[in-house]
Every structure is written in structure tokens, then in C-alpha cells.
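Listed below are the residues making up each chain.
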Amino acid sequence: MAEALRFHYEVDGDNFTSAGAASVEVKRKLRQLGFDAELIRRVSIAMYEGEINMVVHARGGSADVYVDKDCVTIILADRGPGIPDIDLAMQEGYSTAPDNIRALGFGAGMGLPNMKRYTDEMKIETVLKQGTTVTMKVYINHTKQTEKGTSEEGK
Amino acid sequence: MKQYKHSVSLDLEKCKGCTNCLKRCPTEAIRIRDGHAVINSDVCIDCGECIRRCPYQAKKANFDHFEDIDDKRYRIALPAPSFYGQFVDLDDVDYVLQGLLDIGFDDVFEVARAAEIITEYTRRYMREENIGYPVINSACPAVVRLITLRFPYLCDHVIPMMPPIELAGKIAREEALKKHPELKPEDVAVVFISPCPAKASYVKNGFLGEKSHVDYVVSMSDIYFKLISVMKKNVAPKAVSQSGMIGMSWASTGGEASALFNDKYLAADGIENVIHVLDEIETGHFPMLQFVELNACPGGCVGGVATVENPYIARVRLQALRRYLPVSQNRLEKDDSEGYPEEILFPKDLEYRPVGKFDEDLTTAMQKMSEIEGLAASLPALDCGSCGAPTCRAFAEDVVLGGRSIDECIVYMRERIQTLVKCPGEE
Ligand SMILES: Nc1ncnc2c1ncn2[C@@H]1O[C@H](COP(=O)(O)OP(=O)(O)OP(=O)(O)O)[C@@H](O)[C@H]1O
Ligand code: SF4
Ligand code: SF4
Ligand code: SF4
Ligand SMILES: [Mg+2]
């Protein structure tokens, strides 16, 4: 049996224009591995949202993606400010994004809820002033019943 | 799978193996083998980028030739709207249409007319409920092919409406048969005057299993040079254009989208930008957009590789030509107030046909990926192209999947030679 594949990315917090690049790279690899469209979409949306969050709210961090035969695991770790109230942050529409970020179309407060919706498991570990680690899993083969999202729900 | 027929090919004699095209192919379809470029036809989308990049004119677009079309047939010219932007000091499209008749075409049907009808139906489509936003245009065959090869989730965002060239071909033939009842359908030759090889491939391959209504595709530059010698300013043309501002504006980027009177649109041109936008849409970004117009060529079809004029100049000329035209000259019949005629809809759904899967079996695919990752990490990451692959990463894939030898990496070889040479002396 092949061991898990691991892909590692540094997500640059100072370069907003490259935000989202790691998710595009992961999408490409999942395609090459022959996964179906739905799984690829779920992984890439969840990872994209998490990656953007690291750039917007935590000045960057790192992304590790593991693929084994059962599951795709995404671990996003940053050394940002941490999330004071996870339940609040998880609410749709809750956002602390500054105005300049909102002007770009972010800040709807839909990122974390979407990450939860598109993955099978999601865990947030956070320590104030030290950082946040988000771990998400998407299982292969038993696709969770998500509403087949249009882009509208996508963000 | 049926082999896809392409319209971009290589002139072996001229190719120097210089690697310019290699690096710019958006689908990494090119490799250098035995000193010259080779195109992988499974992944080439006929975007023409390599033609644009080759300093030696070794890449060429293949078209039909006007002379080869039997002149006993009733030959109808279908000029693309971008054609009108090619001429210096043109103040009336009628001169171009007359010129086409003068070089031997029996009739002319402007693709811009069909574009105006498609615009009307697109507006209707955009008012429908339950459509997946953003809707993506279907007019550029290079983009549509790219989506079917690489963007599984976007296939059903592409508007299921045939491109104007198809509707134009159909109406042109029907009108000709009506005008000349003595003609049989096969006596008519519908000839598209194309800005690009992508349209030629589109016609050659048919679309979604249906044969195209267009019979021949000739190059815009070819017809341009024939035309300028016959176009006379002093003789008033008899031909009369029947297209309006909207039809003409399809020639350049943003024209198709802006005609929808819906301001939630984005228009991107140039294949790299297009890929970037598609990636973002697939990831669910751009929630506010309703329509996305994508064109593989810089500036839109005026930037096609078979055009003559610089796209920006062509665009300005088109703007001047449009100025005194009615907004649109082709509208739907009064009683056509809902639904769509069958012939303008896709005959079946656009299907995702992935290429580049490492293996059908996931475990094997993962093993290969792991080998590739390992190898890629050990390569110099210079992307120098000497091995014949566009990037070190692509070379690693070629080694693992395509049986290429690692020795073709000159940097790797140099290091190996150095260690071989050093070893004895080190003792
Ligand atoms: N990595 C993180 N570090 C610190 N705070 C975070 C992090 N991720 C999210 N948050 C906090 O949680 C809030 C909600 O996040 P969420 O992704 O749902 O919305 P958003 O990023 O503000 O807007 P959107 O994702 O819709 O553009 C954020 O506004 C921010 O306060
Ligand atoms: S650009 Fe490509 S086709 Fe042109 S000479 Fe160089 S390798 Fe050959
Ligand atoms: S036409 Fe486009 S896709 Fe095909 S080989 Fe050239 S650059 Fe690549
Ligand atoms: S943008 Fe227009 S000219 Fe360029 S490939 Fe697409 S259809 Fe052809
Ligand atoms: Mg967010």
C-alpha cells in the first residue's frame, strides 16, 4: 500500500495577490490522481477559504495536505491572533474583516461555515495571540450529502 | 476516444527547438524531441499561443484555401465580426461585403447577425431561475475545450447555446436554398472567414457529436490580402450590411457581455488570464458575478492569430465603424417570446473528459505521484527546458509516466559527471 502523500505549502501573508494559489495547486494534483469532480471541489473550496483566512486574519501560515486511500486531510496552521470565540466565528455572517478586504469581495462571514459544510470533519484549535490550526477531513468514496453548491453558496 | 483533429501544426524544417513555445503553452502540450517541438494532441486546445510565440514561424495554423473550394458550388462567405476591424480607413462595412462578392463569393452572411440573435436568447436565458451563476460564454472553442479537459465543475456553467458561427451557417444555407430553389443543399458551400485555428478545429471536429453547419474555414489574413486588391473606394457597394452595434462588438473582449445589459459580468481575455479566472470561479470565488465572458486571445477575437491588424487598433476601428449603426438589426420575431429554438441549444450536455489522470487505480496513481514528487524535489527547479519539458516538474512526470530517462536533465548529468570525475582524486 502506498503511504499517504503529503503536500506542503507556505502561505505568504504579505502577498494578497498570491492568496489561493496553494488550493489551485492541490486541485491540480487531485485531478491527476483521478478523483471525481465533487470531491475535488469540496477539498478545493474548503482549503481556499482556510487559506484566505490565514492571509486575511493571521498574516499567513502553512498548509499541509495529506492524501491517503480513505481521506484527504487539510491542516492549516498559522501564528496569528487566534480566534477568541469559535462559536461566534462559525456563525454565518460573522466577520471581523477590515473594509479594504471587504472591498475585494471578502468578509461575508461565510468562510468558516463553508469549510464546515464542504468537509466531513473540521476541528479548530486556537490559542489567543499564538495562532490557530484548522484540521479538515474529506472522506473518499462516501461523499457527504452536500447540496450541490452553486458559486453563490460557495462564498 | 475519437482523436481530436487539430489546426495547429509544426513546420519541421523551420523549427529550431528553441523552447520558446514550450514554456508558453497553457496546457503543457508541447515537448521538444529530437531537436524540434512535438504537440500532444490529447491536451492541445488550439489556442494559437505557440504560433504567437514562435520567433521562426515554425508553428502554423491550418485552414482551407478559398481556391480549393469548388467554384461550381454556391459559396457563401461568413465573415467574423473581427474581420471588419482589419481595414485601414474603412468607414462602411458594405465595402468589405462587396469585396467578398467581387473575389468570387456568391453570397455573404455576416456572423454578427447571428451574434445579435444569440445575444437576445442569452438575455432570455439570464432571466431564468435556477441557472448556475456565473454563466460562461460558449463562443470561444479554445476556452470550451479547456473547460471540458480541466474544469469538471464548470462544464454546466457554460451557456448551452451554440456559438454564432453555427447559427450563421444554418441560416445562411437556408436563405440560399430559399433564394435559389434550383440548388440542392450539397451545392451550397458555407465558408467561415476565421480569426483563429480554434474555429477551424471546431468545424473539423463538429461539436458534441453534431456536424457543423459550416463547410470550410479559411484564414482571415488570406482573404484580407485578396480583398484589398479588389476593394474600390470610388464605386458604391451594392451589398448592404445587416448587423448593428451589438453584433460588431462581439469582435473584442467585453462586447458579448456588455450587450446583455447586466452589469454583474466579467470579461477576461488572453489564455493565461482565462485560466486564472476559471480557477477562481471553480473555487467559488466571485459570488456576485452572473456572466463571464472568456476569450483565449488577447483583446478577444480581434487578437486571433489569423488576423492581420494589431488587436487594439482593430478594436478602435470597430468602435468607429459601429458609431452610426443601429444598436441591433437582428431581433427575434414578435411571437418568439419564450423558450429556445432547438437548433441554437447544445444537442447534449457538455461533458468533462479529463486528461492527465495518472492511473485509473487510486493506489497506483498515488504511488506514481509520490515518485514524481520525490524526483521533482531532486531536480534543480531551473525550468530550463533543455530536457524538452516545460518545467522540471513536467519533466519528472515525463520520467515517471512517460519513460523518459533522467539523464536528459543536463544539470543532473553534469553533477553525475562531476562526482564520477572527482571520486578517484579524492582518495
Ligand atoms: N485563521 C484565523 N485567525 C484568526 N481569526 C480568524 C481566522 N479565521 C477566521 N477568523 C475569524 O473568524 C471570522 C469568521 O471567519 P469567516 O471565514 O467565516 O469569515 P470572513 O473571513 O470574515 O469572511 P469570508 O470568509 O466570508 O470572506 C473572521 O472574520 C475572523 O475574525
Ligand atoms: S518556438 Fe517552438 S516551434 Fe518555434 S522554433 Fe522554437 S521550439 Fe520550434
Ligand atoms: S495551440 Fe495552444 S494548446 Fe496547442 S500546443 Fe499551441 S500553445 Fe499549446
Ligand atoms: S478568442 Fe476568438 S479568435 Fe481567439 S481562439 Fe477564441 S474564438 Fe478564436
Ligand atoms: Mg474567511
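Note: the structure precedes this text.
Notes on the structure follow.

Quick notes on the rules
Residues numbered from 1 in each chain as written. Chains lettered and ligands numbered in written order. Predicted model: local features only at pLDDT ≥ 70, side-chain atom pairs only at ≥ 80, totals over all residues. Heavy atoms only, no water. Helix = DSSP H or I, 4+ residues; strand = E, 2+ residues; numbered from the N terminus. Buried < 20%, exposed > 50% of the residue type's maximum accessible area, 1.4 Å probe, protein only. Contact = heavy atoms within 4.5 Å. Near = heavy atom within 4 Å. Polar contact = N/O pair within 3.5 Å; in protein donor to acceptor, adjacent residues only side chain to side chain. Areas by Shrake-Rupley, 256 points an atom, 1.4 Å probe, with all protein chains shown as cover. Core = buried A, V, L, I, M, F, W, Y, C linked by side-chain atoms within 4.5 Å. Salt bridge = Lys/Arg side-chain N within 4 Å of Asp/Glu carboxyl O. Expected span 1.5 Å × (residues − 1). Arc of directions from axis to C-beta. 1 Å grid on protein atoms, 1.4 Å probe; cavity = no way out; pocket = protein on both sides within 12 Å on 5 of 7 lines; lining within 4 Å. Points joined across faces, edges and corners; volume = space filled by probe spheres on them. Pairing = 2+ DSSP bridges. Axes fitted to C-alpha atoms, helices over the stretch in contact; angles between N-to-C directions.

Secondary structure summary: chain A contains six helices and five strands in total. Helices and strands appear in chain A in the N-to-C order β-α-α-β-β-α-α-α-β-β-α. Counting every position in chain A, which comprises 155 residues, the buried fraction comes to 54%. If you take every contact in chain A between residues at least 6 apart in sequence, the share linking residues at least 24 apart comes to 65%.

The next thing to look at is the site of ligand 1. Residue and element names in this part refer to chain A. Lining the immediate environment of ligand 1, one finds 22 residues, of which His57, Ser95, Thr96, Gly107 and Met110 sit closest. Asp78 is positioned such that a nitrogen or oxygen atom in its side chain is 3.0 Å from a nitrogen atom of ligand 1. In this structure, an oxygen atom belonging to ligand 1 sits 3.1 Å away from a main-chain N or O atom of Ala108. If ligand 1 stood free it would expose 590 Å²; the protein chains cover 94% of that surface.

Before going further, it helps to spend a moment on the nonpolar core. Ranked by internal contacts, the top residues of the largest apolar core, which has 109 residues, are Leu78, Phe83, Leu100, Ile147, Leu278 and Leu294 of chain B. Examining the composition of this core, we find that eight residues originate from one element, helix α4 (residues 111-126) of chain B, more than from any other. The contact partners of Phe83 of chain B, leaving out residues within four places of it in the chain, are Val96, Leu100, Ile193, Met220, Ile223, Tyr224 and Leu227 of chain B. With 58 residues, the next largest nonpolar core counts Leu39 of chain A together with Ala365, Met369 and Leu375 of chain B among its residues.

Counting across every chain of the model gives 32 salt bridges over all chains. A salt bridge links Asp64 of chain A to Arg6 of chain A; the nearest nitrogen and oxygen atoms lie 2.8 Å apart. Within this pair, whereas Asp64 of chain A is found in strand β2 (residues 60-67), its partner Arg6 of chain A is found in strand β1 (residues 5-12), the two being separated by 58 residues in sequence. The class of Arg6 of chain A is partly exposed, set by a relative accessible area of 48%. The partner of Lys27 of chain A in a salt bridge is Asp279 of chain B, with the nearest N and O atoms 3.0 Å apart. Here Lys27 of chain A, found in helix α1 (residues 21-32), pairs with Asp279 of chain B, found in helix α11 (residues 271-282), and the two come from separate chains. Under the relative-accessibility criterion, Lys27 of chain A is labelled buried at 1%.

All right, on to helix α12 (residues 311-322) of chain B then. Residue and element names in this part refer to chain B. Here α12 is twelve residues long and its end C-alpha atoms lie 16 Å apart, about the 16 Å a rise of 1.5 Å per residue gives. For α12, the set of buried residues is Pro311, Ala314, Arg317, Leu318 and Leu321. End-on view of α12: buried residues confined to an arc of 120°, all on one side of the axis. Opposite the packed face of α12, turned more than 90 degrees from it, sit the exposed residues Tyr312 and Val316. In this structure, the buried residues of α12 make contact with α9 (245-249).

Residues and elements named next belong to chain B. Summarising the element assignment, Asn137 is placed in the loop between β7 (135-136) and α5 (141-150). Judged by relative accessible area, Asn137 falls into the buried class, the value being 1%. In this structure the side chain of Asn137 is engaged in a polar contact, spanning 2.9 Å, whose partner is the backbone nitrogen of Leu294.

On to empty space enclosed by the protein. A probe matching the size of a water molecule, rolled over the atoms, marks out where space remains unfilled. Residues and elements named next belong to chain B. Under the counting rule described, the total for this entry stands at five cavities of 30 Å³ or more. If you add up the space inside the largest cavity, you get close to 300 Å³. Lining of the largest cavity is provided by 29 residues; of these, Ala139, Pro195, Lys199, Trp250 and Cys301 occupy positions nearest its centre. Mapped by element, the contributors of at least two residues to the lining of the largest cavity are α4, α5, α6 (164-179), α7 (197-205) and β11 (291-295).

Before going further, it helps to examine the sheet that holds strand β5 (residues 74-79) of chain B. Strand order across the open sheet formed by four strands is β6-β5-β8-β9 (chain B), with parallel pairing between neighbours. Pairing within the sheet leaves two strands with one partner each, and these edge strands are β6 (107-108) and β9 (216-219) of chain B.

So, about the sheet that holds strand β5 (residues 131-139) of chain A. Residue and element names in this part refer to chain A. The five strands are arranged β1-β2-β3-β5-β4 in an open sheet whose pairing can be described as antiparallel. Among the strands making up the open sheet, the edge pair consists of β1 and β4 (121-127). With strand direction ignored, the average angle separating the axes of adjacent strands in the sheet is 10°. Each of β1 and β2 is contacted by α1, which is oriented at about 160° to β1, the strand it contacts most.

That is the geometry; function is a separate question.
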